[in-house]
Amino acid sequence: MFYEPENRNHGLPYDPFKALIVPRPIGWISSIGADGSVNLAPYSYFNAVSTVPPIVMFSSDGEKDTSRNVRETGEFCCNFVTSDLLTAMSESSAPLPYGTSEFGATGLTPVPGRLVRAPYAKEAKAVLECRVTEILRPKSHTGRQSPNIVIFGEVVGVHIADEAIRNGLVDTNAIQPMARLGYKEYARIDAAFELERPPGGGDLAKIG
Ligand SMILES: Cc1cc2nc3c(=O)[nH]c(=O)nc-3n(C[C@H](O)[C@H](O)[C@H](O)COP(=O)(O)O)c2cc1C
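Cut-offs used in this document
- Residues numbered from 1 in each chain as written.
- Predicted model: local features only at pLDDT ≥ 70, side-chain atom pairs only at ≥ 80, totals over all residues.
- Heavy atoms only, no water.
- Helix = DSSP H or I, 4+ residues; strand = E, 2+ residues; numbered from the N terminus.
- Buried < 20%, exposed > 50% of the residue type's maximum accessible area, 1.4 Å probe, protein only.
- Polar contact = N/O pair within 3.5 Å; in protein donor to acceptor, adjacent residues only side chain to side chain.
- Contact = heavy atoms within 4.5 Å.
- Arc of directions from axis to C-beta.

Following V22, the chain continues into P23 via a peptide bond in cis, with omega recorded as -5°. By secondary structure assignment, the location of P23 is in the loop between helix 1 (17-20) and strand 1 (24-25). The omega torsion across V52 and P53 is 0°, close enough to zero to call that bond cis. Structurally, P53 is set in the loop between strand 4 (46-50) and strand 5 (55-60). In this model, R8 sits at a positive phi of 50°, which is unusual for a non-glycine residue. Looking at the element boundaries, R8 is found in the segment before helix 1. We classify R8 as exposed; its relative accessible area is 72%. Here the phi dihedral of Q176 falls at roughly 50°; this positive angle occurs in a residue that is not glycine.

Below you can see the structure in the form of structure tokens.
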């Protein structure tokens, strides 16, 4: 099949776009507003976009509590979603009124960031503390404004639980990160394997 998103002529019951951009990591973003309102919500339009300096981004489908908070305070934390936290992550996506913390609603423990005011979840096996570097609004090739708000943040602090490290490496199969797929589907990463790169291209010191 072939379709043009502009014409919405895929003929399928649901838009397949997000089901093709998989697996997506989940940025589970915790933030605090100028009035101290604490928030936690998942964003699977999330990824790393720079290594030095380390920068991550997430994209909000219009203005939400998270985008409001990060605009107000310029900081956020990104909590790692592992399989033990899947239910809490999903529950934290409920559209609670501004000022009602998803930490309380999901039973997670907020811990103040070491370098940022935004709290993070004590239960997370890894956390990135971030300072906002840029906020932009994407446009179509004809200049039409997307409703999305893309927030970039420099990672200024990284927490990793001791149990997540084995033999000096992050043990993916042990901590089982969760990925977002299409529709209501998720994938649990518990069968990671190694593949050597061609000679000259696979030095771990370079590729991380
Ligand atoms: C796994 C998952 C991924 C999500 N990814 C996004 C996303 O990338 N962008 C977005 O705007 N909303 C996304 N959502 C929906 C938001 O989490 C939801 O709108 C939430 O209420 C926003 O919370 P906030 O207003 O407290 O920021 C996602 C939800 C789930 C469960």
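From this point, things continue past the structure.
Among the secondary structure elements, S60 is positioned in strand 5. Under the relative-accessibility criterion, S60 is labelled buried at 0%. Within polar-contact distance, the side chain of S60 engages the backbone oxygen of G62 at 2.6 Å. Setting aside residues no more than four positions away along its own chain, S60 makes contact with Y43, S67, P147, N148 and I149.

Next up on the list: helix 2 (residues 65-73). Taken residue by residue, helix 2 has T66, S67, N69 and V70 as its buried positions. Take helix 2 and look down its axis: the buried residues cluster within an arc of 160°, on one side only. In this structure, the buried residues of helix 2 make contact with strand 2 (27-32), strand 3 (38-43), strand 5, strand 6 (75-79), strand 9 (126-136) and strand 10 (149-160).

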